[in-house]
Amino acid sequence: MFRRIFIGGMGIQFMLLFLFLTMGCDSAKTQEITVPDTVKVQPEKVTLLFVGDLMQHQGQIDAARIAQGYDYSSCFEYVKEEISGADFAIGNLEVTLGGKPYKGYPAFSAPDEYLTAIRNAGFDVLLTANNHCLDRGKKGLERTLRLLDSLNISRAGTYATPEERKERYPLLLEKKGMRIALLNYTYGTNGISIMPPNVVNYIDTVIIQKDIETCRKMKSDVIIACMHWGIEYQSLPNGEQKRLTDWLLLKGVDHVIGSHPHVVQPLEVRRDSVKDKRNLVVYSLGNYISNMSMRRTDGGLMVKMELVKDSVARLSKCSYSLVWTARPKFSSKKNHQVYPVNIEIDSLSQSARCLLKTFIKDARELFKKHNFNIEEYTFYEKKR
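Residues numbered from 1 in each chain as written. Predicted model: local features only at pLDDT ≥ 70, side-chain atom pairs only at ≥ 80, totals over all residues. Heavy atoms only, no water.

Undergrad: Explain the overall build of the protein here, please?
TA: On a plain count of helices and strands, the protein comes out with ten helices and 19 strands. The proportion of buried residues among the 384 residues of the protein is 51%. Intrachain contacts of the protein at a sequence separation of at least 6 include 73% that bridge at least 24 residues. Surface summary for the protein: the accessible area is close to 19,700 Å², and the carbon and sulfur share equals 54%. (Helix = DSSP H or I, 4+ residues; strand = E, 2+ residues; numbered from the N terminus. Buried < 20%, exposed > 50% of the residue type's maximum accessible area, 1.4 Å probe, protein only. Contact = heavy atoms within 4.5 Å. Areas by Shrake-Rupley, 256 points an atom, 1.4 Å probe, with all protein chains shown as cover.)

In structure tokens, the structure reads:
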């Protein structure tokens, strides 16, 4: 049975007003909860810059000598902006800071001012596991670590004690919500034995696998292995480098960066279609700054990586730039200086121009034949 309800004239007006206000409120509510189409949020980017061997031969020590000590402030003048522009700039410190007497090859001990210049150039991380890390024995290794810590330069590869290694390794770099684990190992130390309780990270697959597992426990987004390996002065990687690279990637390392040969070796970006990711492999960065004069040893690479993270971290961009060391003998400058290869060469002697052109030609011919999925970039703007 339906119940009839009769409403008078004023009741009808009231009802109409009520319905109007109710509909208006519903409309307003609808407008409040309406949202635009999903906005795509750009993932955060983290840039890493890797450079080759930071050497300090006797010629460099002699050139930097001044009345009050040593001055290396001009060595990185032309590359400082590029170094400091990266979120993390990483180099291979192939000398000890073992104190006086300061010596070059074969047992390196660089002046403390050299490390200060490296820090002031913008380097954030230095790798210490290489064949020269024990050149001044236990004292040299420990003094090097203390100086790095005093300048707030992060480090990986050698440690004063096993306890320190456990606490500080793998090196974890954190930026913009991304966690990057850095590993560092060397093939050897020129026959010099490690003195307990010091620790040097030698290439040992059993130990490396444990370190990779530690990286996972640290919830690292990216794992990068920096390997001191290969044969000196050889422009192509040997079988051991290739096999170890394959093994590292198989075990979960994302990118492999190599040093030691003192010449550049090929670069490649491998595509893993199964995991939908890309892996950067650099077999050798070559020399970044040195006094070496043999063909192909007077230059090296700066390799730039851009990592992004949304649901996962991945390599979004990578490229390399060639650099060349101008020695005072040819540049008419007091110190050795790292030059981008597209720098103006008007101030260089004819012989220096020839050396620069030869380095560029050798490197580009090698890379044209052997590089894979990676391009060169230049960062120095010529003065108009």
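Undergrad: I'm lost on the nonpolar core in this one. Help?
TA: The biggest cluster of nonpolar side chains holds 107 residues, and the ones touching the most others in it are Leu48, Phe50, Phe76, Leu182, Ile224, Leu280 and Tyr288. Ignoring anything within four residues of it in the chain, the contact list for isoleucine 224 reads Leu48, Phe50, Ile180, Ala181, Leu182, Leu183, His255, Ile257 and Met305. Counting five residues, the second-largest nonpolar core is a separate cluster that includes Leu134, Leu141, Leu145 and Val200. (Core = buried A, V, L, I, M, F, W, Y, C linked by side-chain atoms within 4.5 Å.)

Undergrad: Can you help me understand the pattern of salt bridges in this one?
TA: One side chain can pair with another of opposite charge once the charged atoms of both are near each other. Throughout the structure, instances matching the rule amount to 19 salt bridges. Note that lysine 277 and aspartate 254 form a salt bridge whose closest N and O atoms lie 2.4 Å from each other. Here lysine 277, found in strand β14 (residues 277-282), pairs with aspartate 254, found in the loop between α8 (239-251) and β12 (255-259); they are 23 residues apart in sequence, far enough to count as distant. Judged by relative accessible area, which is 25%, lysine 277 ranks as partly exposed. Linked by salt bridges that have partners in common, Asp149, Arg155, Glu164 and Arg168 make up one network. (Salt bridge = Lys/Arg side-chain N within 4 Å of Asp/Glu carboxyl O.)

Undergrad: Which parts of the structure should I look at to understand the sheet that holds β12?
TA: Pairing between sheet strands relies on hydrogen bonds along the backbone, with the strands arranged either parallel or antiparallel. With mixed pairing, six strands are arranged side by side in an open sheet as β8-β9-β11-β12-β14-β13. If you trace the sheet from one side to the other, it starts and ends with β8 (171-175) and β13 (267-272), each paired once. Between one strand and the next, the sheet's axes are offset by a mean angle of 20°, whatever the strand orientation. Alignment of β13 against β14, held across six bridges, turns out to be antiparallel. Note that in β14 the partner of leucine 267 across the bridge is valine 282. Its contacts with the sheet put helix α7 (residues 205-217) on β9 (178-186) and β11 (222-228), and the angle it makes with β9 is roughly 170°. (Pairing = 2+ DSSP bridges. Axes fitted to C-alpha atoms, helices over the stretch in contact; angles between N-to-C directions.)

Undergrad: Is there a simple way to explain α8 in this structure?
TA: One turn of an α-helix holds 3.6 residues; hence residues three or four places apart share an orientation. If you check α8, its first and last C-alpha atoms are 18 Å apart, about what 13 residues at 1.5 Å a residue would give, namely 18 Å. For α8, the complete set of buried residues consists of Gln241, Leu244, Thr245, Trp247, Leu248 and Leu249. Here the buried face of α8 lies against α7, β11, β12, β13 and β14. Where α8 ends, the next residue or the one after it, glycine 252, has phi of about 120°, a positive value. (Expected span 1.5 Å × (residues − 1).)

Undergrad: How should the packing of aromatic side chains be read in this particular structure?
TA: The description of an aromatic ring pair rests on the distance of the ring centres and on the angle between the ring planes. Taken as a whole and judged by the stated rule, the model has 14 aromatic pairs. Centroid distance phenylalanine 76 to tyrosine 288: 6.4 Å. Interplanar angle 15°. Geometry classified as stacked. In this pair, phenylalanine 76 is assigned in the loop between β3 (69-70) and α3 (80-84) and tyrosine 288 in strand β15 (residues 287-289), connecting sequence segments 212 residues apart. (Phe/Tyr/Trp six-rings, centres within 6.5 Å; stacked < 30°, edge-to-face > 60°.)

Undergrad: Explain the packing of α7 against α8 here, please?
TA: What describes two packed helices is the angle between their axes and the distance between those same axes. Contact geometry of α7 with α8 gives a least axis separation of 10 Å together with a crossing angle of 30°. If you check the angle between α7 and α8, you find them roughly parallel. For the pair α7 and α8, the sense of crossing is right-handed. Here α7 contributes Thr205, Ile208, Gln209, Ile212 and Arg216 to the contact with α8, which in turn contributes Leu244, Trp247, Leu248 and Lys251. Of the residues belonging to the contact of α7 with α8, the class tally is five nonpolar, two polar and two charged. (Parallel < 35°, antiparallel > 145°, perpendicular 65-115°, else oblique. Left-handed = near helix turned anticlockwise from the far one by under 90°. Nonpolar A, V, L, I, M, F, W, Y, C, P; charged D, E, K, R; others polar.)

Undergrad: Just to check I follow, could you spell out α7 for this structure?
TA: Compared with the 18 Å implied by 1.5 Å per residue over 13 residues, the 18 Å span of α7 between its first and last C-alpha is a close match. Buried within α7 are the following residues: Ile208, Asp211, Ile212 and Cys215. Here the buried residues of α7 occupy an arc of 105° about the axis, which is enough to place them on one side. Facing away from the buried side of α7 by over 90 degrees, the exposed positions are Val206, Lys210 and Lys217. Tucked inside the fold, the buried residues of α7 contact α6 (162-168), β9, β11 and α8. Remark: lysine 219 follows α7 within two positions and exhibits a positive phi of approximately 60°. (Arc of directions from axis to C-beta.)

Undergrad: How should the pairing of strand β4 (residues 88-93) be read in this particular structure?
TA: On a regular strand, one side chain projects to one face of the sheet and the next to the other, so that they alternate. Among the six residues that make up β4, six are buried, leaving the element largely enclosed by the rest of the structure. The alternating pattern of β4 places Phe88, Ile90 and Asn92 on one face and Ala89, Gly91 and Leu93 on the opposite face, and all of these are buried. Of the strand pairs in this sheet, strand β1 (residues 44-54) and β4 are connected by five bridges, and their pairing is parallel. Within β4, the residue paired with leucine 54 across the bridge is leucine 93. Alignment of β4 against strand β5 (residues 125-127), held across three bridges, turns out to be parallel. Looking at the pairing, asparagine 92 lines up with leucine 127 of β5. Regarding topology, helix α4 (residues 112-121) serves as the crossover connection from β4 to the parallel β5, and that connection is right-handed. (Right-handed = clockwise from strand over helix to strand, strands pointing away.)

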